[in-house]
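Each chain, letter by letter, is given below.
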Amino acid sequence: MVETSISKARKEKQKYITYFVFIVLVFATILKLCAAASFVNWFDTQWYLSWAQGLQSGFFNAYTHVSTTQYPLDYPPLYLYPLYYIGKLYPMLRSYDPFVMLLIKSLPIVFDVGGSALIYLLFKRRISCELAAVLSITYVLNPAVMYNSSYWGQTDSILLFIVLCGFFAFETKKPIL
């Protein structure tokens, strides 16, 4: 009887911690999107836009076609799929720089937040729920991570997300995602 009430209280506490992490992730997403729209950066984002526009003339010959432009294509094919759709949307938004920045930088932001959620899920299974929440929130609100994706538009969070998915599949004993 006592164990059951302790177990119930622990599950209730974990539920509230999970809600708190979810609320922080929503807040971080809004914060990162606002930061992305407020800082116009054409250094690397111009490369992404050039690739996105080049993909509109043919997806399967992207490396030969886009590599002959001023911004040679040197990213793996996985990132080309969302860039193709960004290239479709770009003509509608090109007149307003903050929307263009949101369009380009939203993908790394989504993967930042998704990576933080995976950090929480991974460590919740291994260590305490409280520490998993601290690690997840520390990652998503880390100024370096925010600067990398929200201000600069870098795509490092996409690779990190894929690595975390691999760890999650290994941890849950489901090697196929």
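Residues numbered from 1 in each chain as written. Predicted model: local features only at pLDDT ≥ 70, side-chain atom pairs only at ≥ 80, totals over all residues. Heavy atoms only, no water.

**Q** Before we go on, may I ask you to explain helix α4 (residues 80–93) in this structure?
**A** Think of an α-helix as turning once every 3.6 residues; residues three or four places apart then point the same way. Along its 14 residues, α4 runs 19 Å from first to last C-alpha, staying within 8% of the 20 Å computed at 1.5 Å per residue. Where α4 bends most, the angle comes to about 30°, and this point is Gly87, followed within four residues by the proline Pro91. By the burial criterion, the buried members of α4 are Leu80, Leu83, Ile86, Gly87 and Tyr90. (Helix = DSSP H or I, 4+ residues; strand = E, 2+ residues; numbered from the N terminus. Expected span 1.5 Å × (residues − 1). Bend = angle between axes of the 7 residues up to and from the residue. Buried < 20%, exposed > 50% of the residue type's maximum accessible area, 1.4 Å probe, protein only.)

**Q** Before we go on, may I ask you to explain the layout of surface pockets in this structure?
**A** Left-over empty space is what a probe sized like a water molecule reveals as it rolls over the atoms. The volume enclosed by the largest pocket comes to roughly 170 Å³. In this structure, the largest pocket is lined by Tyr75, Pro76, Leu78, Tyr79, Thr155, Asp156, Ile158, Leu159 and Ile162. (1 Å grid on protein atoms, 1.4 Å probe; cavity = no way out; pocket = protein on both sides within 12 Å on 5 of 7 lines; lining within 4 Å. Points joined across faces, edges and corners; volume = space filled by probe spheres on them.)

**Q** It is not clear to me how the confidence of the model for the chain should be interpreted in this structure. Could you clarify?
**A** Parts of the model with low pLDDT should not have their predicted coordinates read in detail. The predicted model of the chain averages 83 in pLDDT, with 92% of residues at 70 or higher. The least confident element of the chain is helix α3 (residues 62–66), whose mean pLDDT is 68; the most confident is helix α6 (residues 129–140), at 94. (pLDDT = per-residue confidence, 0-100.)

**Q** Would you mind going over the environment of Ala144 with me for this structure?
**A** By secondary structure assignment, the location of Ala144 is in helix α7 (residues 143–151). Distance in space between the C-alpha atoms of Ala144 and Lys13 is 31 Å, their sequence separation being 131 residues.

**Q** Looking at this structure, I do not really get the environment of Tyr120. What am I missing?
**A** Along the chain, the position of Tyr120 falls in helix α5 (residues 97–126). Taking the relative accessible area as the measure of exposure, Tyr120 reaches 3% and is therefore buried.

**Q** Where do I start with the packing of aromatic side chains in this structure?
**A** Describing an aromatic ring pair means giving the distance of the ring centres and the angle of the ring planes. Across all of its chains, the model carries six aromatic pairs by this definition. Ring geometry for Tyr16 and Tyr19: centres 6.5 Å apart, planes at 70°, overall edge-to-face. Of the two residues, Tyr16 and Tyr19 both sit in helix α1 (residues 2–38), three residues apart, roughly one turn of that helix. One aromatic cluster is present, formed by Phe39, Tyr147, Tyr151 and Trp152 through successive ring pairs. Here Lys15 stacks its cationic end above the ring of Tyr16, 5.8 Å away from the centre of that ring. (Phe/Tyr/Trp six-rings, centres within 6.5 Å; stacked < 30°, edge-to-face > 60°. Lys NZ or Arg CZ within 6 Å of the ring centre and 35° of its normal.)

**Q** In this structure, what is going on with the pattern of salt bridges? I would like to understand it.
**A** Where charged atoms from two side chains of opposite charge come close, those side chains can pair. Evaluation of the coordinates by the stated rule reveals four salt bridges. A salt bridge links Lys13 to Glu130, with the shortest nitrogen-to-oxygen separation between them at 2.8 Å. Placement of Lys13 in helix α1 and of Glu130 in helix α6 is noted, with a sequence separation of 117 residues between them. Under the relative-accessibility criterion, Glu130 is labelled partly exposed at 33%. Measuring nitrogen to oxygen at the nearest pair gives 3.1 Å for the salt bridge that ties Glu171 to Arg126. You can see Glu171 sitting in helix α8 (residues 156–171) and its partner Arg126 sitting in helix α5, a full 45 residues away along the chain. Given a relative accessible area of 61%, Arg126 falls into the exposed group. (Salt bridge = Lys/Arg side-chain N within 4 Å of Asp/Glu carboxyl O.)

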